[in-house]
Amino acid sequence: MANTKHEDAIMKMGFDYFRDHILKTLGIDYEFVELGPTELVELTIHSMYMDFTFLTKNGIYVHIEFQTTDGKEEDLRRFHAYEAVYSHKTGKIVVTYVIYSGGIRKTKTELDCGLYRYQVKPIYLKVQDAEEIFRELNRKRTAGEPFTEEDFAGLSLTPLMSRKAERKDTIREAILLAKNSSSATSQKSMAMLYALADKFLEKKELEEIKEVISMTRIGQMLLEEGMEKGRAQGIEKMAELTEKLLDAGRTEDIRRAAKDKAYREKLMKEYQLL
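Residues numbered from 1 in each chain as written. Predicted model: local features only at pLDDT ≥ 70, side-chain atom pairs only at ≥ 80, totals over all residues. Heavy atoms only, no water.

*Asks:* What should I look at first to understand helix α10 (residues 261–270) in this one?
*Replies:* An α-helical segment advances 3.6 residues per turn. Residues three or four places apart therefore align on the same side. Looking at α10, one finds that the buried residues are Tyr-263, Leu-267 and Met-268. Along α10, the residues classed as buried sweep out an arc of 140° about the axis, all on the same side. Opposite the buried face of α10, at more than 90 degrees from it, the exposed residues are Lys-261, Ala-262, Lys-266 and Lys-269. For α10, the N-terminal capping position is held by Asp-260, with its side-chain oxygen 3.1 Å away from the main-chain nitrogen of Ala-262. Phi turns positive one or two residues past the end of α10, at Gln-272, with a value near 55°. (Buried < 20%, exposed > 50% of the residue type's maximum accessible area, 1.4 Å probe, protein only. Helix = DSSP H or I, 4+ residues; strand = E, 2+ residues; numbered from the N terminus. Arc of directions from axis to C-beta. Polar contact = N/O pair within 3.5 Å; in protein donor to acceptor, adjacent residues only side chain to side chain.)

*Asks:* Where do I start with the environment of Val-212 in this structure?
*Replies:* Within the secondary structure, Val-212 sits in helix α7 (residues 203–213). Here Val-212 falls in the buried class, since its relative accessible area comes to 10%. Taking the C-alpha atoms as reference points, Val-212 and Glu-173, separated by 39 residues in sequence, lie 9.1 Å from one another. Look past the residues within four positions of Val-212 in its chain and what remains in contact with it is Arg-172, Ile-175, Leu-176 and Lys-179. (Contact = heavy atoms within 4.5 Å.)

*Asks:* Any chance you could explain the sheet that holds strand β6 (residues 94–100) here in plain terms?
*Replies:* The strands making up a sheet are joined through hydrogen bonds of the backbone, oriented either antiparallel or parallel. One open sheet accounts for 5 strands, arranged β1-β4-β5-β6-β9; its pairing is mixed. A single partner strand is all that each edge strand has here, and the edge strands are β1 (32–35) and β9 (121–124). Ignoring strand direction, the axes of neighbouring strands in this sheet form an average angle of 25°. Inspection of the sheet shows strand β5 (residues 61–67) paired to β6 by 7 bridges, in the parallel sense. In the sheet register, Phe-66 faces β6, and the bridge partner there is Ile-99. Taken strand by strand, helix α2 (residues 73–90) contacts β4 (52–56), β5 and β6, and its axis lies near 155° from that of β5. (Pairing = 2+ DSSP bridges. Axes fitted to C-alpha atoms, helices over the stretch in contact; angles between N-to-C directions.)

*Asks:* Explain the packing of helix α9 (residues 251–259) against α10 here, please?
*Replies:* Two packed helices can be described by the angle between their axes and the distance between those axes. Relative orientation of the contacting elements α9 and α10 amounts to 125°, with a least axis distance of 6 Å. Of the possible angle classes, the one that applies to α9 and α10 is oblique. Seen along the crossing, α9 lies across α10 with a hand that is left-handed. Contacts between α9 and α10 pair Asp-253, Arg-256, Ala-257, Ala-258 and Lys-259 from the former with Lys-261, Tyr-263, Arg-264 and Leu-267 from the latter. The residue inventory of the contact of α9 with α10, partitioned by class, reads 4 nonpolar, no polar and 5 charged. (Parallel < 35°, antiparallel > 145°, perpendicular 65-115°, else oblique. Left-handed = near helix turned anticlockwise from the far one by under 90°. Nonpolar A, V, L, I, M, F, W, Y, C, P; charged D, E, K, R; others polar.)

Following this line, the structure appears as structure tokens:
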């Protein structure tokens, strides 16, 4: 999905929070120095997309994949291909951690490659219960108790944990809980939840999540992005309309359209620009 600058900033905030705090709660403890690229283009005709890559202080790339299904050897061959191409392009060692949800509790983690065996490190989030986190945080909210760093970390991961509700509803509930705080960690948690929504949800569902985020700093950034996009589209359509009116010799209509919004919209419909 192509993001504009405001959405990019939100995604980066979520990625940074994921890298600097969430990974440590999952036992992936490295000193990271930067976010790595996630698109691999090989022979200019085949693109492979990785979920997250982070460069560690000791020069190793940590590759994170989220999996909601168990593709067994097919997944391992794909991860192996990611690592091989990434290592070839960067000249660095790449290690892969696979975070499993979707009720997955055990997977194949090694692949026989002839003279050697390829291996990934699995992390099974479904053994954790999102309902327990929601119950505890709702209790804290009712009692007026502040959420801790660990609370926000758990909240950020609830879309990947065990729960009967749909993932969209889990993300929505998690954001509503995070909104109760105005702390910087709350904003980071919402950014992480939005990043997961962007990965897992359909476009219509993602729009619903944007509505839930409204009236927050994250929501304001998305609103500003939408306004900027709307202005840019409006300028582009006005330029197209002006060109068509000039070609038709309708200079008077150009003057009127510049001042009269209703008339401008009428002309745009006439030229099928709306």
